Amino acid sequence: HRRAAHGVCHPVCLVNINRVDFLALSGHKMFGPTGIGVLYGKRELLNSMPPYQGGGDMVDRVNFEKTTFAPIPQKFEAGTPLISSVIGLGAAVDFIESLGRKGIRAYVDELGNYARKKLTEISEVKLLPSESSVVSFTTARSPLDAATLLGETGFAVRAGHHCCQPLHQKLGISSSLRVSVAPYTTKADIDKFVAALKDVLKQLRNNAGDA
């Protein structure tokens, strides 16, 4: 379920063994490395499934008549694992557990609301429906141009349709900007971001020859 990747850092019940067959979590949504995650599956289903690739440590016995496989999870972990990424993912889990998911949610909710309040200081900004740590908005300027210039100042924001084109069509826009906060974000970071956005919008106005 897609929402599990986003919800892993928040105080929600991720696994109900009576209702969930499989559930995937993404490492980079947990402040960890990219290219790694967690797959939860019911034991009986995993035991009934054949491996999807072959390699070291996933076999039990191999001969000309028959091949048997190692028990789960080794059956699905062929070859050398992503050792460094696994260590990084473990550190990310420790980081989340040290803060507590309820604490994370409360903190990012507060920061998200603070960011929305600060953005209303810019007359050119129009806030879009969003909640918690995600803040979406538009300006009179190209989202891609704004995102590119913000990136040059050290602020990484998303620009585009964010996998929600029907919502953009409903709102009558083609794209938008999205900024996110996290447990390591501070109000000072948000203040610096808003100041950088003001400078970027001024630069884009000047480039367009607007007053």
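All values reported here derive from a predicted model rather than from experimental measurement.

S.K.: Which parts of the structure should I look at to understand the state of the cysteines?
M.R.: Here is the idea: a disulfide is a covalent bond, and it sits between the sulfur atoms of two cysteines. Tallied over the entire structure, the rule returns zero disulfides. Left without a disulfide partner, C163 is nearest to the cysteine sulfur of C164, which lies 7.5 Å away. A relative accessible area of 23% means that C164 is categorised as partly exposed.

S.K.: Is there a simple way to think about helix α4 (residues 101–119) in this case?
M.R.: Since one α-helical turn is 3.6 residues long, residues separated by three or four positions face the same way. In this model, α4 (19 residues) spans 27 Å end to end at C-alpha, consistent with the 27 Å of a helix rising 1.5 Å per residue. By the burial criterion, the buried members of α4 are I104, V108, L111, G112, Y114, A115, R116, K118 and L119. Elements in contact with the buried residues of α4: α3 (83–99), β5 (126–127), β6 (134–138) and α7 (187–208).

S.K.: What am I meant to see in the sheet that holds strand β7 (residues 158–160) here?
M.R.: Strand pairing in a sheet takes place through backbone hydrogen bonds and is either antiparallel or parallel in direction. The strand order across the open sheet formed by four strands is β5-β6-β8-β7, and the pairing between neighbours is antiparallel. Both edges of this open sheet fall to β5 and β7, since each of them pairs with a single strand only. Looking at chain direction, β7 and strand β8 (residues 176–180) are connected through three bridges and run antiparallel. Among the inter-strand pairings, R158 is bridged to a residue of β8, identified as R178. Set on the sheet, α4 makes contact with β5 and β6; between it and β6 the angle comes to about 20°. Across the sheet, helix α5 (residues 143–152) touches β7 and β8, and the angle it forms with β8 is around 35°.

S.K.: I tried to follow the environment of A140 on my own but got confused; where do I start?
M.R.: With respect to the helices, strands and loops of the structure, A140 is situated in the loop between β6 and α5. For the pair A140 and G41, spaced 99 residues apart in the sequence, the C-alpha separation amounts to 47 Å.

S.K.: So what exactly am I meant to see when it comes to the pattern of salt bridges here?
M.R.: Opposite charge on two side chains permits them to pair, given that their charged atoms come into close proximity. Under the defined criterion, the tally for this structure stands at eight salt bridges. Between D109 and R105 there is a salt bridge, with the nearest N and O atoms lying 3.0 Å from each other. Of this pair, D109 and R105 are both found in helix α4, four residues apart, which corresponds to roughly one turn of the helix. Here E121 makes a salt bridge to K118, at a shortest N to O gap of 3.2 Å.

S.K.: Would you mind going over the packing of α4 against α7 with me for this structure?
M.R.: Think of two packed helices as two axes; the pair is described by the angle between the axes and how far apart they sit. Where α4 contacts α7, the axes come no closer than 10 Å and their chain directions differ by 30°. Relative to α7, the element α4 is oriented roughly parallel. Judged by the twist between their axes, the crossing of α4 over α7 is right-handed. Facing α4, whose interface residues are E110, L111, Y114, A115, K118 and L119, α7 presents K187, I190, D191, F193, V194 and L197. For the contact of α4 with α7, the residue count by class is eight nonpolar, no polar and four charged.

S.K.: Got a minute to help me understand α3 in this structure?
M.R.: The end-to-end C-alpha separation of α3 is 25 Å, in line with the 24 Å expected for 17 residues at 1.5 Å each. Those residues of α3 lying buried are S85, L89, A92 and I96. One face of α3 carries all of its buried residues, which in axial projection span an arc of 55°. Projecting away from the buried face of α3 at angles above 90 degrees are the exposed residues I83, S84, I87, D94, E97 and S98. Contacts from the buried residues of α3 go to β2 (37–41) and α4.

S.K.: What exactly am I supposed to notice about a nonpolar patch on the surface here?
M.R.: A grouping of F31, F95, L99 and Y184 is seen on the molecular surface, where their side chains present a nonpolar patch of about 380 Å² in accessible area. Position of F95 relative to the elements: it lies in helix α3. Note on F95: relative accessible area 31%, which makes it partly exposed.

Thresholds applied
Residues numbered from 1 in each chain as written. Predicted model: local features only at pLDDT ≥ 70, side-chain atom pairs only at ≥ 80, totals over all residues. Heavy atoms only, no water. Disulfide = S-S within 2.5 Å. Buried < 20%, exposed > 50% of the residue type's maximum accessible area, 1.4 Å probe, protein only. Helix = DSSP H or I, 4+ residues; strand = E, 2+ residues; numbered from the N terminus. Expected span 1.5 Å × (residues − 1). Contact = heavy atoms within 4.5 Å. Pairing = 2+ DSSP bridges. Axes fitted to C-alpha atoms, helices over the stretch in contact; angles between N-to-C directions. Salt bridge = Lys/Arg side-chain N within 4 Å of Asp/Glu carboxyl O. Parallel < 35°, antiparallel > 145°, perpendicular 65-115°, else oblique. Left-handed = near helix turned anticlockwise from the far one by under 90°. Nonpolar A, V, L, I, M, F, W, Y, C, P; charged D, E, K, R; others polar. Arc of directions from axis to C-beta. Patch = residues over 30% accessible without salt bridge, like charges linked within 9 Å, V, L, I, M, F, W, Y side chains within 5 Å. Areas by Shrake-Rupley, 256 points an atom, 1.4 Å probe, with all protein chains shown as cover.

Everything listed here is a matter of coordinates, which is why it stays silent on function.
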